[in-house]
Amino acid sequence: MQDRFIHCIANMPAPLADKLVPLLNHDFAGHIDAKQIADLATATHLPSEQLLLKLLPVAAALAKPPISEFYVGAIAKGKSGDIYMGANLELAGEALFHSVHAEQSAISHAWLSGETEIEDIIVNASPCGHCRQFMNELVAGQQINIHLPGQSAKPLSHYLPYAFGPSDLNITPPLLSKQQHEFALDSSDPMIIEALDHASLSYAPYSNSYAAVVLETKDGQTFCGRYAENAAFNPSMLPMQMALSAMARHNRDFSEINRAVLVESSQGKISLVGATMDALHTVAAIELEHIAIDPIS
């Protein structure tokens, strides 16, 4: 079991702790599939909602909050029945807009894993306005059930009435729905090809600035992030922050990064290169490789 989970396991009921320990191995990064969830429910005799609430300390253990020192864990339950954990991430000494909220982390985890719809969000603190707006961008966002400790579940529409979302800007389909954008790029570099694949799946209906980041560590592992825009603009999630959040979930130190690639559309209304470089230079002393790609009309 990873050291970061020792404290939360020690404070769990024994039946749940005993079943969780084998799952929290070296490779665990916050994903538990539907069958494993069913097995945990059977072993602990806990209803699904109570079980997921009890798993929140595991999600919170994924957090890296050097500024606030406030550990937030979130769980996104997909339509598949799988759950995807996320946690808040802050970059020490850097502007607060580089932070990743726990709900963003969990949702991006689900998206990168191929999930196309989120049905439930479980979180250990009431979602802030930023996260409510981010969730509203999702497929059936207003119907997503929000679960908080000690409270009955309520849909996002309860927390975000009179919401402004993609439909107000005539945008369909929403975030997490299957999308594919085609770009022209001639490269045999596996890392650049991986970035291109993720850029083609990114969500940028307001700026058309489809983009992705791939980070490579010294052992050859790669961690990806896609751009996820928002109708309210500011709650958009940058691909670098998504990639760093993925690294944090996998318990990898940012000092292990030895290569970083940003691929973005040459025809977008904005560029993410400045913000991406700022975040990268905060965590690793390497230069960003920036590649502009042309859309195929």
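All of the points below concern the structure found in this document. Model, not experiment: these values are computed from the prediction. (Residues numbered from 1 in each chain as written. Predicted model: local features only at pLDDT ≥ 70, side-chain atom pairs only at ≥ 80, totals over all residues. Heavy atoms only, no water.)

1. A look at the overall build of the protein
The helix and strand tally for the protein stands at eleven helices and eleven strands. For 297 residues, the compact-globule estimate of 2.2 N^0.38 gives 19 Å, and the C-alpha radius of gyration of the protein, at 19 Å, lies within 12% of that figure. Taken over the C-alpha atoms alone, the protein extends approximately 55 × 45 × 35 Å along its principal axes. Intrachain contacts of the protein at a sequence separation of at least 6 include 66% that bridge at least 24 residues. Only carbon and sulfur atoms are counted for the fraction: they give 52% of the accessible area of the protein, which is about 12,800 Å². Charge centroids of the protein, computed over 16 positive and 32 negative side chains, lie 7 Å from each other. (Helix = DSSP H or I, 4+ residues; strand = E, 2+ residues; numbered from the N terminus. Rg over C-alpha atoms; globule rule 2.2 N^0.38 Å. Contact = heavy atoms within 4.5 Å. Areas by Shrake-Rupley, 256 points an atom, 1.4 Å probe, with all protein chains shown as cover. Lys, Arg positive; Asp, Glu negative; His and termini not counted. Charge placed at Lys NZ, Arg CZ, Asp CG, Glu CD.)

2. Concerning a nonpolar patch on the surface
A contiguous nonpolar surface patch, about 240 Å² in accessible area, is contributed by Met1, Ile6 and Val21. Along the chain, Met1 falls in the segment before helix H1 (6-10). (Patch = residues over 30% accessible without salt bridge, like charges linked within 9 Å, V, L, I, M, F, W, Y side chains within 5 Å. Salt bridge = Lys/Arg side-chain N within 4 Å of Asp/Glu carboxyl O.)

3. Some points on the pattern of salt bridges
Summed over the entire model, instances satisfying the criterion amount to six salt bridges. A salt bridge links Asp39 to Lys35; the shortest N-O distance between them is 3.1 Å. With Asp39 and Lys35 both in helix H3 (residues 34-44), this residue pair falls four residues apart, about one helical turn. Among the residues examined, Lys35 registers a relative accessible area of 59% and is labelled exposed. Here Arg252 ties to Asp219 by a salt bridge, and the two come within 2.9 Å at their closest N and O atoms. Of this pair, Arg252 sits in the loop between helix H10 (239-249) and strand E10 (257-265) while Asp219 sits in the loop between strand E8 (211-217) and strand E9 (222-226), and the two are 33 residues apart along the sequence. The network of salt bridges with shared partners includes Asp189, Arg259 and Glu289. (Buried < 20%, exposed > 50% of the residue type's maximum accessible area, 1.4 Å probe, protein only.)

4. With respect to the packing of aromatic side chains
Summed over the entire model, instances satisfying the criterion amount to three aromatic pairs. Taking the centre distance of 5.8 Å and the plane angle of 75° together, the rings of Phe5 and Phe28 count as edge-to-face. Taken together, the positions of Phe5 in the segment before H1 and Phe28 in the loop between helix H2 (14-20) and strand E1 (31-32) put the pair 23 residues apart, joining distant regions of the chain. For the residue pair Phe5 and Phe28, the accessibility class agrees, reading buried in each case. Ring plane angle 45° and centroid distance 6.1 Å describe the contact between Tyr206 and Phe233, whose orientation is recorded as tilted. Here Tyr206 is found in the loop between helix H9 (190-200) and E8, whereas its partner Phe233 is found in the loop between E9 and H10, with 27 residues between them in sequence. Its end group placed over the ring of Phe254, Lys64 keeps NZ or CZ at 5.8 Å from the ring centre. Directly above the ring of Trp111 sits Arg226, whose terminal nitrogen or CZ lies 4.9 Å from the centroid. (Phe/Tyr/Trp six-rings, centres within 6.5 Å; stacked < 30°, edge-to-face > 60°. Lys NZ or Arg CZ within 6 Å of the ring centre and 35° of its normal.)

5. Section: the environment of Tyr203
Mapped onto the secondary structure, Tyr203 falls in the loop between H9 and E8. What makes Tyr203 buried here is its relative accessible area of 1%. Residues Tyr203 and Ala74 lie 129 residues apart in sequence; the distance between their C-alpha atoms is 22 Å. A distance of 2.6 Å separates a polar atom in the side chain of Tyr203 from a polar atom in the side chain of Glu137. (Polar contact = N/O pair within 3.5 Å; in protein donor to acceptor, adjacent residues only side chain to side chain.)

6. Some details on the side chain of Arg249
Take Arg249: it is sitting in helix H10. One buried charged residue, Arg249, forms no salt bridge at all, with the nearest opposite charge on Glu194 at 12 Å. Those residues in contact with Arg249, other than ones at most four positions away along the chain, are Arg4, Phe28, Ala29, Leu62, Met85, Gly86, Ser105, Ser108, His109 and Leu112.

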